[in-house]
Amino acid sequence: MSFFAELSAVLSTTPHRWHQLTEHTPLDALRRQPAHGEWSALEVLLHLIDMERDIFPVRVRAMLAGQDFPAFFPDEDGSTLSVDANPAAMAAEFADLRHTNLDLLATVTEADLTRTSTHEELGTVTLKNLLCEWGGHDLMHMMQANQALLQPYITGSGPWLPYFEKHLVASE
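In short, a report on the structure. Note that residues are indexed from 1 along each chain, following the sequence as it is written. Only residues with pLDDT of at least 70 are given local features in this predicted model, and only at 80 or more are side-chain atom pairs given and counted; all residues enter the totals for whole chains, interfaces and linings. Excluded from the side-chain calculation are hydrogens and water; included are all heavy atoms of the structure.

1. Digging into the packing of aromatic side chains
Working definition: an aromatic ring pair is given by the centre-to-centre distance plus the angle between the planes. Our working rule: Here the aromatic set is Phe, Tyr and Trp, taking the six-membered ring for Trp, and pairing holds for ring centres within 6.5 Å; pairs whose planes are under 30 degrees apart are stacked, those over 60 apart are edge-to-face, and all others are tilted. Burial classification: accessible surface area is computed with a 1.4 Å probe over protein chains only, and a residue below 20% of its type maximum counts as buried, one above 50% as exposed, and the rest as partly exposed. Each helix corresponds to a stretch of at least 4 residues labelled H or I by DSSP, and each strand to a stretch of at least 2 residues labelled E; elements are numbered beginning at the N terminus.
Under the counting rule described, the total for this entry stands at two aromatic pairs. Here the aromatic rings of Phe-3 and Phe-4 are separated by 5.5 Å at their centres, their planes lie at 70°, and the arrangement is edge-to-face. Under the relative-accessibility criterion, Phe-4 is labelled buried at 16%. Aromatic side chains Phe-56 and Trp-134 sit 4.9 Å apart centroid to centroid with 10° between the ring planes, which places their arrangement in the stacked category. Within this pair, whereas Phe-56 is found in helix H3 (residues 41–64), its partner Trp-134 is found in helix H6 (residues 127–155), the two being separated by 78 residues in sequence. Trp-134 carries the same exposure label as Phe-56, and that label is buried.

2. Digging into the pattern of salt bridges
Pairing of side chains with opposite charge becomes possible as their charged atoms draw close. Worth spelling out the cut-off: Note on definitions: salt bridges are taken to be side-chain nitrogens of Lys or Arg within 4 Å of carboxyl oxygens of Asp or Glu.
Within the structure shown, the criterion is met by six salt bridges. Where Arg-53 meets Asp-54, a salt bridge forms, and the shortest distance between an N and an O atom there is 3.2 Å. Judged by its relative accessible area of 34%, Arg-53 is partly exposed. A salt bridge links Asp-138 to Arg-98, with the nearest nitrogen and oxygen atoms 2.7 Å apart. Taken together, the residues span a long stretch of sequence, with Asp-138 in helix H6 and Arg-98 in helix H5 (residues 87–105) at a distance of 40 residues. Considered together, Asp-138 and Arg-98 belong to a single accessibility category, that of buried residues.

3. Describing H3
Our working rule: Each residue after the first adds 1.5 Å to the expected span of a helix. What is called the bend at a residue is the angle between a pair of axes, fitted to the seven residues leading up to and ending at it and to the seven starting from it.
In this model H3 runs 33 Å from its N-terminal to its C-terminal C-alpha over 24 residues, within 8% of the 34 Å that 1.5 Å per residue would give. When the local axis directions of H3 are compared, the greatest deviation, roughly 45°, occurs at Met-51. For H3, the buried fraction is high: 18 of the 24 residues fall into the buried class. Following H3 by one or two positions, Gly-66 has its phi on the positive side, about 75°.

Set out below in structure tokens:
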């Protein structure tokens with residue numbers, strides 16, 4: 001499987017996963033932070049929306065145009081989850097943004113992967129570095145969202161707790 005096919009497979013499955021989570025998981029579970037200062041599943045989804053709208057497509061276009069781009073600091077630059085946030089609407093927004101961004105990804109060629117730009121914090125990066133980060137970012141944040149949802153099951157597992165301890169988020 002080619003790099004682009006594998007990356008597209010990863011990126012195209014994430015919206016479906018979010019639709020499933022937001023359709024079938026109770027709102028209080030989606031909003032529950034696993035520990036103080038840790039993101040809830042819904043905060044993870046909001047971050048992914050920020051990235052799909054303002055970061056990944058902007059960076060891909062910048063790199064294709066030979067331009068540098070600034071760093072993004074989610075805690076300072078990201079959106080804040082509103083109290084009336086609608087999980088299904090958020091998942092739909094993410095899916096729409098991702099669909100558009102997959103169209104953008106389809107315009108990138110193998111020769112483009114070696115294009116470089118300067119990231120404000122990281123220095124010189126290639127377009128392939130950025131695209132790998134995009135795929136890894138999706139997978140990492142799906143794990144983070146699942147870990148947030150997992151916490152009450154870990155603490156309630158009784159004698160099975162040792163099987164889950166490496167996934168337990170420490171509360172302060």
